[in-house]
Amino acid sequence: FGRMKPVIVVHGGAGRIFKEREEGSRAGVVRAALRGYGILKQGGSALDAVEEAVRSMEDDPHFNAGCGSVLNEKGEVEMDAIIMDGKNLDSGAVSAVKCIANPIKLARLVMEKTKHMLLTDHGAHLFAQAMGIPETPGEKLITERSWDRWKKNLEPDSNPGEFQKDLGTVGAVAIDSEGNVACATSTGGLSNKLIGRVGDTACIGSGGYADNRSGASSTTGHGESIMKVVLARQILYHMEQGMSPEVAADTALDYMKTRVGGLGGVIVVNSSGEWAARFSTKQMSWAAVKDDQLHHGIYAGERHTKSVDEALSSESEGF
């Protein structure tokens, strides 16, 4: 016990973070990272830590996951989520789920209580009922901002692509004191997407991947591009070839950009506890904790660092 120093890294989505939402995004990723790290510090599992970190962001309306998710063409919230255990490559995912506050919890149940890895839409709904997960009325998940944006996108001269730059997928990766890694990713998807559209998040190897032999990664950005290059698995492949997390992340993001013109961001931790948060978009909110030091940023090259104790005391006073 205590062989590995635990590490957690979280992201709150890559894209363009509008000025008025910057503070909330920063506070949200910091809070999520501290919550996940709290679990790791007590000897908890990487799996529990990433689930808790993601749940924290699903509950935060600043992010496009859980409450605050963007709306599909019909004005409904449809969410995707995945979780993966690096110990045995077990994974659970849900896609196109509605009326659930925390899709990541449902993904974890799919992994642990079924023989399957991915449940979708109506089937996921039935499974949630069977598991006793309370139903959240759809409108409870819809923020005024998502609603306004949806209406704007319906206007004849609108360009939904313009808004897609603000992609708030959330994710977490961690390594625990036993040396196990895990990843979790959750999203509301693309604004004004077709009904039933599933992006990269629910797809193993695209939205996330975890393997104790190399590490774990969680992605954010343009889902269709991420799927084309199987981004999360691609990063681990590069690390298996000897690249550091940072170089592996940059190499994979660069490939996605040159090969399919896609932008995005990733968080990574390797099997020895080195981590990276990298992105090819203008911004990505991220936070990481290692050695009781909290690091966070939004802009390229930006990195603030303070001790976890200091962060926790300002956290309890409210940001």
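Our subject is the structure that appears above.
In this text, all values refer to a predicted model and were calculated from it rather than measured experimentally.

Engineer: Help me out: how do you make sense of the overall build of the protein chain in this one?
Structural biologist: A count of helices and strands for the protein chain gives 10 helices and 13 strands. Compactness check: the protein chain gives a C-alpha radius of gyration of 18 Å against a globular reference of 20 Å for 319 residues, within 12% of the reference. Along the longest, intermediate and shortest principal axes, the C-alpha atoms of the protein chain span 55 × 45 × 45 Å. Looking at the 319 residues of the protein chain, the share that counts as buried comes to 57%. Long-range contacts, defined here as pairs at least 24 residues apart, represent 66% of the contacts in the protein chain between residues at least 6 apart. Only carbon and sulfur atoms are counted for the fraction: they give 51% of the accessible area of the protein chain, which is about 13,000 Å². Looking at charge distribution, the protein chain has the averaged site of its 35 positive side-chain charges lying 2 Å from that of its 42 negative ones.

Engineer: What should I look at first to understand the nonpolar core in this one?
Structural biologist: One recurring pattern in soluble globular proteins is that nonpolar side chains are buried together. The biggest cluster of nonpolar side chains holds 48 residues, and the ones touching the most others in it are Ile 8, Val 10, Ile 83 and Leu 106. Setting aside chain neighbours within four positions, we find Leu 106 in contact with Val 94, Val 97, Ile 100, Ala 124, Phe 127, Ala 128 and Ile 133. Ala 210, Met 239, Met 256 and Met 284 belong to the second-largest nonpolar core, a separate cluster that totals 33 residues.

Engineer: I tried to follow the pairing of strand S2 (residues 79-85) on my own but got confused; where do I start?
Structural biologist: The side chains of a regular strand alternate between both faces of the sheet. In terms of burial, S2 is a largely internal element, seven of the seven residues being buried. Side chains Met 79, Ala 81, Ile 83 and Asp 85 project from S2 onto one buried face, and the interleaved Asp 80, Ile 82 and Met 84 project onto a second face that is buried too. Note that S2 and strand S3 (residues 90-97) share six bridges and pair antiparallel. Looking at S3, one finds that Asp 85 is bridged to Asp 90. Bridge analysis of S2 against strand S6 (residues 181-187) gives six bridges, and the strand direction is antiparallel. Paired with Asp 85 across the strands is Ala 182, a residue of S6.

Engineer: Sorry, what's going on with the sheet that holds strand S9 (residues 264-270) here?
Structural biologist: Think of a sheet as strands paired side by side through backbone hydrogen bonds, with each pair either parallel or antiparallel. As summarised here, the arrangement of the four strands in space is S7-S8-S9-S10, forming an open sheet in which the pairing is antiparallel. With partners counted over all chains shown, the strands left at the sheet margins are strand S7 (208-211) and strand S10 (275-279), one partner each. Here the strands of the sheet are splayed against their neighbours by 10 degrees on average, with no regard to which way each runs. Where S7 meets strand S8 (residues 215-221), four bridges bridge the pair, whose relative direction is antiparallel. Note on S8: the bridge partner recorded for Gly 208 is Ser 218. Most of the contacts of helix H8 (residues 231-240) go to S8, to which it runs at about 140 degrees, and overall it touches S7, S8 and S9.

Rules used in this analysis
Residues numbered from 1 in each chain as written. Predicted model: local features only at pLDDT ≥ 70, side-chain atom pairs only at ≥ 80, totals over all residues. Heavy atoms only, no water. Helix = DSSP H or I, 4+ residues; strand = E, 2+ residues; numbered from the N terminus. Rg over C-alpha atoms; globule rule 2.2 N^0.38 Å. Buried < 20%, exposed > 50% of the residue type's maximum accessible area, 1.4 Å probe, protein only. Contact = heavy atoms within 4.5 Å. Areas by Shrake-Rupley, 256 points an atom, 1.4 Å probe, with all protein chains shown as cover. Lys, Arg positive; Asp, Glu negative; His and termini not counted. Charge placed at Lys NZ, Arg CZ, Asp CG, Glu CD. Core = buried A, V, L, I, M, F, W, Y, C linked by side-chain atoms within 4.5 Å. Pairing = 2+ DSSP bridges. Axes fitted to C-alpha atoms, helices over the stretch in contact; angles between N-to-C directions.

Purely spatial values, then, with no claim about function.
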